[in-house]
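These are the residues of each chain, in order.
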Amino acid sequence: MSDGDATDDPAAFNRQVRDVWDRKAGFWDDRFGEGNDFHRTVVEPAADRLLALRPGERVLDVACGNGAYSRHLAAAGARVLAVDFSATFLDLARGRTGEHADRVDYRLVDATDADALRALGSHAFDAVCCNMALMDMADIAPLAAALPALLAPGGRFVFTVLHPCFNSLGATMTAALEDRAGELVVRRAVLVEGYLDVPPGRGCGMPGEPIPHYYFQRPLHALLGTFFRAGLVLDGLEEPAFPGDGRPLNWSGLSQIPPVLAARLRPAPAA
């Protein structure tokens, strides 16, 4: 999967992906709310640091889900256009938006449609963000292609994803009990069996959810290369992790292995 395409008919497959999210949006919204522990501890701080938001900036939040990060940005003073391809998610997002409703606009837009993205405004956004969603998209090339036209001069694109090296359908979390000179110690690790070519497949996003959703695992060269080919350059990178004081078979117990990759890209300067 070199470009993000999942099948010979990406449009049909994308409809399947959207239908799954429509079916599980209510469950996800109930459990996630305004951000679960994973989001608040690992995702949001890294995204905030790379975004370096200034009050009054115009931000496009792609694949906004229930709008938690959009509202977070609005509370920080941004004017936010939040888009998602799930009408169900957008209804839930609007229902959660109160105090800063005047600074958040929700619209139904499919991020795999470059023309629909470009129609949001020519160089209209100081920043574009996409939190924990690229690995859920059947095709990321349209978003990459649209970014240079969406971003204002000096603008940036910030994304977070499940770390392609450690947190994918090709990786397994393990724990083992070791006797260290008479002291029983739990060792935690991630076993990586696949990385370069992990086929699309369904997986769990949250325990207890009614239906698993599709994941599209991309190694780093494919993930970043899609944006490089669209004329963007990388100028910020983080690999956030938990402090390591949690349960053995949980990311909160792995302080040395990051579950998330966060990156900032900008349009390459003119030669």
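Up top is the structure.
The rules behind the values
Residues numbered from 1 in each chain as written. Predicted model: local features only at pLDDT ≥ 70, side-chain atom pairs only at ≥ 80, totals over all residues. Heavy atoms only, no water. Core = buried A, V, L, I, M, F, W, Y, C linked by side-chain atoms within 4.5 Å. Buried < 20%, exposed > 50% of the residue type's maximum accessible area, 1.4 Å probe, protein only. Helix = DSSP H or I, 4+ residues; strand = E, 2+ residues; numbered from the N terminus. Contact = heavy atoms within 4.5 Å. Phe/Tyr/Trp six-rings, centres within 6.5 Å; stacked < 30°, edge-to-face > 60°.

Colleague: Honestly, the nonpolar core in this entry has me stumped. Any pointers?
Modeller: Nonpolar side chains tend toward joint burial in soluble globular proteins. If you look at the biggest cluster of nonpolar residues, it comprises 44 residues, and the most contacted ones within it are Leu60, Val62, Leu120, Leu134, Phe157, Phe159 and Phe227. Of all elements in the fold, only helix H2 (37-51), strand E1 (58-62), strand E2 (79-84), strand E4 (125-131), helix H6 (141-150), strand E5 (151-162), helix H7 (220-229) and strand E11 (260-267) reach the threshold of two or more residues within this core. Leaving out residues up to four positions away in the same chain, Leu120 has contacts with Leu60, Leu81, Val83, Arg107, Val109, Phe125 and Leu150. Ala47, Leu51, Val80 and Ala82 belong to the second largest nonpolar core, which has 20 residues in total.

Colleague: Is there a simple way to explain unusual backbone geometry in this structure?
Modeller: Working note: non-glycine residues mostly have negative phi, and peptide bonds are mostly trans. Phi is positive for Ala52, close to 45°, though the residue is something other than glycine. With respect to the element layout, Ala52 can be found in the loop between H2 and E1. We classify Ala52 as partly exposed; its relative accessible area is 40%. Positive phi is not limited to glycine here, since His123 has a value of about 50°. By the secondary structure assignment, His123 is in the loop between helix H5 (114-118) and E4. Overall, His123 belongs to the partly exposed group, its relative accessible area being 41%.

Colleague: I keep staring at the environment of Val62 and nothing clicks. Help me out?
Modeller: On the secondary structure map, Val62 appears in strand E1. Put simply, Val62 and Tyr214 are 152 residues apart on the chain and 18 Å apart in space, counted from C-alpha to C-alpha. Residues contacting Val62, with those up to four places away along its chain left out, are Val83, Ala111, Val128, Cys129, Cys130, Asn131, Met137 and Leu143.

Colleague: How should the packing of aromatic side chains be read in this particular structure?
Modeller: Aromatic rings in a pair are described by how distant their centres are and how their planes are angled relative to each other. All told, the structure shown has 9 aromatic pairs when counted by the stated rule. Seen in terms of ring centroids, Trp21 and Phe89 are 6.0 Å apart; in terms of plane orientation they differ by 35°. Their pairing is tilted. Note that Trp21 is positioned in helix H1 (residues 10-32) and Phe89 in helix H4 (residues 87-96), a separation of 68 residues in sequence. In this pair, the class of Trp21 matches that of Phe89, namely buried.

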